[in-house]
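Commentary on secondary and tertiary structure
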Amino acid sequence: GDEALYRAIVGLDLESEQVLCLAADGGQSILDACGHVVVLEDALDEALPAGCEVANVYNAGGAVHAHVRLGIADVCALARLRDAVLFEGSFETAINAALPHDASQLAEKLATSDKMKELGFSASMSQSGRCLLKNERFLAGDSDSSLGAPPDAKIRVESVDVHVDRGAFMECYARIMMRFAKLTMHQREKLTEVRGAKVAVLLAPAGGGKTFVAVQRVVQVLNEDPDATVLFVARNEALALFVCKWLVIASRKSAEHVVERVHVLVAPFSSGPRCVRVEALGGRRRLVLGEKRCDATTYALIVVDEAHHLVGDSSLRSELAELGAAESSLLFLGDVSQATSTISSPEEIARSLVDLPQDQGVVVATLSEVVRSTKRIVAGAAAFQL
């Protein structure tokens, strides 16, 4: 609505980013495929998680993609959007279910749309099988109300699937999250708890900052021991590289210096750890994963992200055993609500993935605050490049 658009322009919250880039099957213009921009906006309203509002939808330069600018209430909402887009696929499922797949569905959606009624439009089916859109205010000479719309228009809608450009979304997500440069007092307390533990489970609600705390823990390990190497485990390659880039910012050292001491293990886990390198492309530099398995090494610290989704994963457990994970310091990150609903004890997260001695203690720390304050955003990091 107007409030979300205002926030996106003025920048009072976490939005002011493109956030979503949508495309339709077959290279068709997504706005043409939907039949009308109002239909797409209504579908987005249905599909987006709580705390995310549509601020603007537009075609950039007549491109086939639709760019969506969002108003995002807080980091918790951004985390829900990340999961819906990258991991669960629930956003694409929801928006495709909400879009019309033929002219009759389009006519029904336009006819019941409050936005279209406010502009004086009505919709029905024509004899040729297309959606007929009329504007009675235009016909009555109320040109100001009609916004220049024709007195009637016949619209054809194609049944196509809409997809999110995950790469573009991940870039935007990274730009937003990298603005956070300081730990809160609560986060510092939890960092101290996990620092003193050989094996720790760090739980937090979405937006609680568990990955940010883990990044700070990695920085500590690398600073304390110049020979230390750290392994970061994630289900998604893009998310793993995002964490590596965040680590470069937090360490305040050159990208080359940092990534030579960080290995990444992503699904399929049986492929083993991979090195991270800096690659120059078109005048810019980016982080990429090596194609081959890294040479065997002993890790000072192993961090497992989204560990609540990996409980009992036999492939990961086998790979961690081969790497001698029980001899390393371990930090498992998990969502507090999902972890406590699927297992009897958070300690099981660690023991299900690594064969720990029975007398090995596991420290469980919980972040209970959700990051909401935008005063801690460092605007200069928004344009970060390697």
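Residues numbered from 1 in each chain as written. Predicted model: local features only at pLDDT ≥ 70, side-chain atom pairs only at ≥ 80, totals over all residues. Heavy atoms only, no water.

A word on the nonpolar core
Judged by nonpolar contacts, the single largest core of 83 residues is most densely connected at L20, L22, L40, L44 and F91. A per-element tally of this core places helix 13 (residues 237-251) first, with nine residues. With 25 residues, the next largest nonpolar core counts I302, L316, L320 and F332 among its residues. (Core = buried A, V, L, I, M, F, W, Y, C linked by side-chain atoms within 4.5 Å. Buried < 20%, exposed > 50% of the residue type's maximum accessible area, 1.4 Å probe, protein only. Helix = DSSP H or I, 4+ residues; strand = E, 2+ residues; numbered from the N terminus.)

A few points about the confidence of the model for the protein chain
When pLDDT is averaged along the protein chain, the result is 77; 71% of the residues meet or exceed 70. Looking at the elements of the protein chain, mean pLDDT is at its lowest for helix 9 (residues 143-146), recorded as 35, and at its highest for strand 13 (residues 301-304), recorded as 98. Taken as a whole, residues 137-157 scores under 50 in pLDDT and shows 46 contacts with residues more than four places along the chain or in a different chain. (pLDDT = per-residue confidence, 0-100. Contact = heavy atoms within 4.5 Å.)

Things to note about the sheet that holds strand 11 (residues 274-281)
Taking strand neighbours across the sheet as the criterion, the eight strands line up as 12-11-10-9-13-14-8-15 in an open arrangement whose pairing is mixed. Two strands lie at the open edges of the sheet, namely strand 12 (284-293) and strand 15 (363-366), each paired on one side alone. Within the sheet, the average angular offset between the axes of one strand and its neighbour, ignoring direction, is 30°. By the bridge criterion, four bridges tie strand 8 (residues 199-204) to strand 15 in an arrangement that is parallel. Looking at strand 15, one finds that V201 is bridged to V364. Helix 11 (residues 185-195) contacts strand 8, strand 14 (329-335) and strand 15 of the sheet and is inclined by roughly 175° relative to strand 15. (Pairing = 2+ DSSP bridges. Axes fitted to C-alpha atoms, helices over the stretch in contact; angles between N-to-C directions.)

Details of helix 4 (residues 75-87)
Relative to the 18 Å expected for 13 residues at 1.5 Å per residue, helix 4 spans 17 Å between its end C-alpha atoms, a close match to the ideal helical length. Of all 13 residues in helix 4, eleven are buried, a share of seventy percent or more. Listed in full, the buried residues belonging to helix 4 are V75, C76, A77, L78, A79, L81, R82, D83, A84, V85 and L86. On the buried face of helix 4, the contacting elements are strand 1 (20-24), strand 2 (52-58), strand 3 (66-72), helix 5 (90-98), strand 7 (162-164) and helix 10 (166-177). One or two positions beyond helix 4, positive phi appears at G89, with a value near 70°. (Expected span 1.5 Å × (residues − 1).)

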